[in-house]
Amino acid sequence: MTAKTKQRDEPVKRVKREKRGRVLVLGQRLLRDDKRACLRIARRVFRAANAGVVDVGLTFVHDLEMQALNRAWRKIDAPTDVLSFATGDGEPMPGDDDVLGDLVISVDTARRQARREGHGLDVEIAVLVAHGICHLAGLDHERSDTEASVQRACEQTLLAIARVDPASSLTTRTHAAG
């Protein structure tokens, strides 16, 4: 019996693949020409945060839709850049163990912020995804200066791992380093 024959006679061992987390994207057409770069960099930030074991929903909307969501959930009648909806905030649902939550990003606001900050839409999307993931993990920069510092470090770490300038982080812009 040759080595080739012996290999065929042995049963094939199936390697069980571990579940990999996914980014489930809606509204990506709003990204237009920047779609491929934005989704690639968003997935890099997601992988940096998650080690690929949970799912995150990522929805892109216009300012008008974002304003309606912000009014309904935060009682603020204005658009914002990103909203985070953590799975653990509501009633438990079957399958929630594998879902971290949902992020909603206003493409209109992201474009304005990217222009103001002097970088591309893809970098701004990465910044907003990092910011949102930190919120999904339970951090809130609005609760205290200490928590703002922790969230800033979280965002900067995610951005650095995703190969985006950590100085771009949203909490770095909105809270003086302390």
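For every chain, the first residue of its written sequence is number 1, and the numbers climb from 1 along that sequence. Two thresholds apply to this predicted model, a pLDDT of at least 70 for residue-level local features and 80 or more for giving and counting side-chain atom pairs, whereas whole-chain, interface and lining totals are computed over all residues. Working from all heavy atoms in the structure, the side-chain values ignore hydrogens and water.

**Student:** Just checking my understanding: could you explain the side chain of T109 for this structure?
**Tutor:** Among the structural elements, T109 can be located in helix α4 (residues 107-117). N or O atoms closer than or at 3.5 Å make up a polar contact, with two conditions inside protein: a donor-capable atom paired with an acceptor-capable one, and, for residues adjacent in sequence, both atoms drawn from side chains. Side-chain polar atoms of T109 contact the side chain of D63, separated by 2.6 Å. Contact criterion: two residues are considered in contact whenever any of their non-hydrogen atoms come within 4.5 Å of each other. What T109 contacts, discounting residues up to four positions off in sequence, is D63, P79, T80 and D81. Going along the chain from the N terminus, every DSSP run of H or I of four or more residues is numbered as a helix, and every run of E of two or more is numbered as a strand.

**Student:** What is the right way to look at the packing of aromatic side chains in this model?
**Tutor:** Aromatic ring pairs are described here by two measures, namely the spacing of the ring centres and the angle between the planes. Only centres within 6.5 Å qualify two rings of Phe, Tyr or Trp (six-membered ring in Trp) as a pair; their planes then separate them into stacked at under 30 degrees, edge-to-face at over 60, and tilted for everything else. If you walk through the whole model with that rule in mind, you get one aromatic pair. Where W73 meets F85, the ring centres are 5.4 Å apart and the plane angle is 70 degrees; that geometry is what we call edge-to-face. Of the two residues, W73 sits in helix α3 (residues 63-74) while F85 sits in strand β3 (residues 82-86), which places them 12 residues apart along the sequence. Relative accessibility under 20% of the residue-type maximum defines a buried residue, over 50% an exposed one, and the middle range a partly exposed one, all with a 1.4 Å probe and only protein chains included. Judged by its relative accessible area of 22%, F85 falls in the partly exposed class.

**Student:** Looking at this model, I keep getting lost on unusual backbone geometry. Mind explaining?
**Tutor:** Most peptide bonds take the trans configuration, and most residues that are not glycine carry a negative phi. Located in the positive-phi region is K75, a residue other than glycine, with phi close to 60 degrees. If you trace the backbone, K75 turns up in the loop between α3 and β3. Of note, R163 is a non-glycine position whose phi angle comes to about 65 degrees, a positive value. For R163, the position within the fold is in the loop between α6 (145-161) and α7 (170-174).

**Student:** Would you mind going over the pairing of strand β4 (residues 99-106) with me for this structure?
**Tutor:** Regular strands place their side chains on alternate faces of the sheet. A pair of strands is labelled paired if DSSP reports no fewer than 2 bridges between them. One ladder, built from seven bridges, connects strand β2 (residues 55-61) with β4; its direction is parallel. Of the residues in β4, the one forming a bridge with F60 is I105. Sheet topology places β3 next to β4; five bridges connect them, and they run antiparallel. The residue of β4 that forms the bridge with S84 is L103.

**Student:** Explain α4 to me, please; I cannot follow it from the model alone.
**Tutor:** Along an α-helix, residues three or four apart share an orientation, since each turn contains 3.6 residues. Among all positions of α4, only V107, T109, A110, R111, Q113 and A114 are buried. In the core, the buried residues of α4 are packed alongside β2, α3, β4, α5 (121-136) and α7. Downstream of α4 by a residue or two, G118 has a phi angle that is positive, lying close to 80 degrees.

**Student:** What is the right way to read α6 from this model?
**Tutor:** A helix is expected to span 1.5 Å multiplied by its residue count minus one. Here α6 is 17 residues long and its end C-alpha atoms lie 24 Å apart, about the 24 Å a rise of 1.5 Å per residue gives. Taken as a whole, α6 has its buried residues at E147, A148, Q151, R152, E155, L158 and L159. Each buried residue of α6 sits inside an arc of 140 degrees when the element is viewed along its axis, so together they form one side. Immediately downstream of α6, the backbone of R163 shows phi near 65 degrees, a positive value. The directions from the helix axis to the C-beta atoms form the arc being described.

The values reported here are purely geometric and, on their own, carry no functional implication.
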